[in-house]
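Each chain is listed here by its residues.
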Amino acid sequence: MQQINCPSCGAQVSFRSSAAVMAVCEYCRSTLVKDADSVKDIGKMSAVLEDYTPLQLNTSGQWQGQGFALVGRIQLRYESGLWNEWYLLFDDGGDGWLADASGQYMLTRRAPAEQAAALPKFESLRPGSGLDFDKRNWIAGDVRTARCTGGEGELPFTAGQGWVAQVADFRDASSFLTLDYADGYPPAVYVGELLTLGQLKLQLQRSADDISRSADRYQGKAMPLACPACGSPITYRAGIANYVVCNSCHSEVDCTESTAVVLRKQSELAAFKSSLKPGDSGNIGGQPWTVLGLLQCTDDDQDEPSTWIEYLLFNEEQGLLWLIEQDDGWDRVKVLDEWPRMSSATVATWQSGNFRKGFEYRSRVLYAAGTFNWRVHVGDSTLLTEFGEPGLRLTRETSDTEIVWTRSSRITRAQVARWFKDNKALALVVAQPEATSGKSRSDSDLVFCRQAAKWYVIILGILNVPIALAKNDGWLAIIFAILLLWAPLWLLGRWWEKD
């Protein structure tokens, strides 16, 4: 570890990694560049946006049997959002990067330089492009140009505000590969995998109190804000969903800046009716979830276009979840960490199951309200390719810059009503039977079965009282018969209520 005094303010700055050539003074924000035995100040580095990540400098963990610590961070912004790149130092002196984007975490280490010799140019890459590397076939999931908007700690290169990076991320199941063209061609190659924070066995993460003390805000807590366009109150989820569409005037507000900036004001839209509204709270799987925002979308079928509503939900421990409302029912949708593999042009394989290709269509955003973890525009278009049946379906969502895979499962309106018990509109459907593809579950059916079983037990008991009095073990037989009758109904009720 090399320690120097900041040329600007005199505070002590440490270079823990021998590979680090730059550090940001945590006191005066000066950017310090190490050149042999000298250190020079090249100006101020913007502070990172406090996006309420649980990670921080000095957070430690383990990966592939080796310990590491986070020693630096840069924050990168692209057209529709931002993400963090944490620079980490391993116990053996090697280094790596931990990407932190919308609740997903990708840890990678640099591959040998000779492996980058025959890689494609950045300009030729698109989402879905294939790449043969290290005897594996990779698929481009994200291709974008981003600029650095802030940094802290020590870094292995000089990166000031406005530093631009061209990066392409590739996936193979849960494995992850990044081509970094920031220094031109050939690109630097980083290989690793997508992980949860639990798998990394992290220590010294930021607590809720630490986050509150540092910025007076906490990840996922609604922050009051006045719309810069019309002054109406709006809320957003700091660090999770920073892009707001005002409910009153439909201005698009970017809350990732220190002050909200109006990006684009749209014309007044007619009053929009939906089953759920931004701010509604429900209980799913025993945990509280809040509706952040909603999108009304349509497909490109010119003869019979369909419309549906997509609700973005947030839980402080579980992250983000989608509920999709359609005419024939609801779907629960989760973004996949592990990508399916295409075993053929029409079959996707995921967790040992085969999903045959179904409909392919383009969706377009008609209406947006609430907060999102990316910048939403009315008119945004995405190509959707479905695999499997409605009961359990995989969907590949392809835009100009990225590919996302999701898993959806069919749920009933009655189930959604149970999750959002305070919603009066949804409460009206609880007692109404509804058919769904696959199995049908209605509360009235369960009530009927329980009532019928109760009367059957009463009659059974009355008819068998003489037998119970005549035999010593007669009562045991009656109790056993009642349990045989009620056990299936009890199990059915438990299944009925589960999420």
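Residues numbered from 1 in each chain as written. Predicted model: local features only at pLDDT ≥ 70, side-chain atom pairs only at ≥ 80, totals over all residues. Heavy atoms only, no water.

Caption draft 1: Inspection of the overall build of the protein at higher detail. Tallying secondary structure elements over the protein gives five helices and 31 strands in all. Expressed as a percentage of the 499 residues in the protein, the buried residues total 47%. Long-range pairs, those at least 24 residues apart, make up 52% of the contacts in the protein between residues at least 6 apart in sequence. Summed over its atoms, the accessible surface of the protein is roughly 25100 Å², and 51% of this surface lies on carbon and sulfur atoms. (Helix = DSSP H or I, 4+ residues; strand = E, 2+ residues; numbered from the N terminus. Buried < 20%, exposed > 50% of the residue type's maximum accessible area, 1.4 Å probe, protein only. Contact = heavy atoms within 4.5 Å. Areas by Shrake-Rupley, 256 points an atom, 1.4 Å probe, with all protein chains shown as cover.)

Caption draft 2: Quick peek at the environment of Phe-420. Position of Phe-420 relative to the elements: it lies in the loop between helix 2 (413-419) and helix 3 (424-427). For the pair Phe-420 and Ile-284, spaced 136 residues apart in the sequence, the C-alpha separation amounts to 8.6 Å. If sequence neighbours within four positions are ignored, Phe-420 has contacts with Leu-276, Asp-280, Ser-281, Gly-282, Val-291, Leu-313, Leu-323 and Leu-426.

Caption draft 3: Structural view of the nonpolar core. Counting residues in each nonpolar core, the largest one holds 20 residues, and the members touching the most others are Leu-276, Tyr-311, Leu-313, Leu-323, Trp-330 and Phe-420. By size, the runner-up hydrophobic cluster in this structure holds 19 residues, among which are Trp-308, Leu-320, Ala-368 and Val-376. (Core = buried A, V, L, I, M, F, W, Y, C linked by side-chain atoms within 4.5 Å.)

Caption draft 4: Representation of the pattern of salt bridges. Within the structure shown, the criterion is met by ten salt bridges. Of the charged contacts, one joins Arg-410 and Asp-331 as a salt bridge, the two residues approaching to 3.0 Å between their closest N and O atoms. Here Arg-410, found in strand 31 (residues 403-411), pairs with Asp-331, found in strand 25 (residues 329-335); they are 79 residues apart in sequence, far enough to count as distant. The burial state of Arg-410 is the same as that of Asp-331; both residues are buried. (Salt bridge = Lys/Arg side-chain N within 4 Å of Asp/Glu carboxyl O.)

Caption draft 5: Examining the side chain of Asn-315 more closely. Tracing the backbone shows Asn-315 in strand 23 (residues 307-315). Here Asn-315 falls in the buried class, since its relative accessible area comes to 5%. A polar contact is formed between the side chain of Asn-315 and the backbone oxygen of Pro-288, at a distance of 2.6 Å. In this structure, Asn-315 is in contact with Gln-287, Pro-288 and Trp-289, ignoring residues within four places of it in sequence. (Polar contact = N/O pair within 3.5 Å; in protein donor to acceptor, adjacent residues only side chain to side chain.)

Caption draft 6: Spatial organisation of the pairing of strand 19 (residues 251-254). Burial along strand 19 is two-sided: Ser-251 and Val-253 and Glu-252 and Asp-254, pointing in opposite directions, are all buried. Here strand 18 (residues 243-245) runs beside strand 19; their pairing, made up of three bridges, is antiparallel. For Val-245, the partnering residue across the bridge sits in strand 19 and is Glu-252. In this structure, the hairpin formed by strand 18 and strand 19 is closed by a connection of five residues, where His-250 is found at a positive phi of approximately 65 degrees. (Pairing = 2+ DSSP bridges.)

Caption draft 7: A look at a negative patch on the surface. On the surface, Asp-300, Asp-301, Asp-303 and Glu-304 cluster together into a negatively charged patch. Among the secondary structure elements, Asp-300 is positioned in the loop between strand 22 (287-298) and strand 23. (Patch = residues over 30% accessible without salt bridge, like charges linked within 9 Å, V, L, I, M, F, W, Y side chains within 5 Å. Lys, Arg positive; Asp, Glu negative; His and termini not counted. Charge placed at Lys NZ, Arg CZ, Asp CG, Glu CD.)

Caption draft 8: Layout of the pairing of strand 22. Among the twelve residues in strand 22, nine count as buried, and that is most of the element. As paired elements, strand 21 (residues 281-284) and strand 22 share four bridges and run antiparallel to each other. Bridge pairing in strand 22 places Ile-284 opposite Gln-287. Here strand 21 folds back onto strand 22, and the loop between the two strands holds two residues, one of which, Gly-285, carries a positive phi near 65 degrees.

Caption draft 9: Quick peek at the side chain of Ser-175. Mapped onto the elements of the fold, Ser-175 is located in strand 14 (residues 175-180). Note on Ser-175: relative accessible area 14%, which makes it buried. Of the polar contacts made by the side chain of Ser-175, one reaches the side chain of Arg-136; its length is 2.9 Å. Setting aside anything within four residues of it in sequence, one finds Ser-175 in contact with Arg-136, Trp-138, Phe-170, Gly-192 and Glu-193.

Caption draft 10: Expanded view of the packing of aromatic side chains. In total, this model carries ten aromatic pairs according to the counting rule given. Seen from their ring centres, Phe-157 and Trp-163 are 5.0 Å apart, and the 20 degrees between their planes marks the pair as stacked. An aromatic cluster is built from Tyr-87, Trp-97, Phe-157 and Trp-163, whose rings are joined through pairwise contacts. Above the face of the Phe-90 ring, Arg-109 is positioned so that its terminal group lies 3.9 Å from the ring centre. Sitting above the plane of the Tyr-185 ring, Lys-121 keeps its charged end 5.0 Å from the centroid. (Phe/Tyr/Trp six-rings, centres within 6.5 Å; stacked < 30°, edge-to-face > 60°. Lys NZ or Arg CZ within 6 Å of the ring centre and 35° of its normal.)

Caption draft 11: Main features of the environment of Asp-300. By relative accessible area, Asp-300 is classed as partly exposed at 46%. Taking the C-alpha atoms as reference points, Asp-300 and Leu-383, 83 residues apart in sequence, are found 10.0 Å from one another. Sequence-distant contacts of Asp-300, defined by excluding residues within four places in its chain, comprise Tyr-361 and Arg-362.

Caption draft 12: Structural detail: the confidence of the model for the protein. Scored by pLDDT, the protein comes out at a mean of 78, with 69% of its residues at no less than 70. In the model, residues 264-270 has pLDDT below 50 throughout and makes 15 contacts with residues more than four positions away in sequence or in other chains. Long-range and interchain partners of residues 433-444, a stretch whose pLDDT sits below 50, account for 23 contacts in this model, where long-range means more than four residues apart. (pLDDT = per-residue confidence, 0-100.)

Caption draft 13: Expanded view of the environment of Asp-400. Along the chain, Asp-400 falls in the loop between strand 30 (392-398) and strand 31. Along the primary structure Asp-400 and Asp-142 are separated by 258 residues, whereas in three dimensions their C-alpha atoms are 9.1 Å apart.

Caption draft 14: Region of interest: unusual backbone geometry. The linkage connecting Tyr-185 with the following residue, Pro-186, adopts the cis geometry, with an omega of 0 degrees. Structurally, Pro-186 can be placed in the loop between strand 14 and strand 15 (188-195). At His-250, a position not held by glycine, the phi torsion is positive, near 65 degrees. With respect to the helices, strands and loops of the structure, His-250 is situated in the loop between strand 18 and strand 19.

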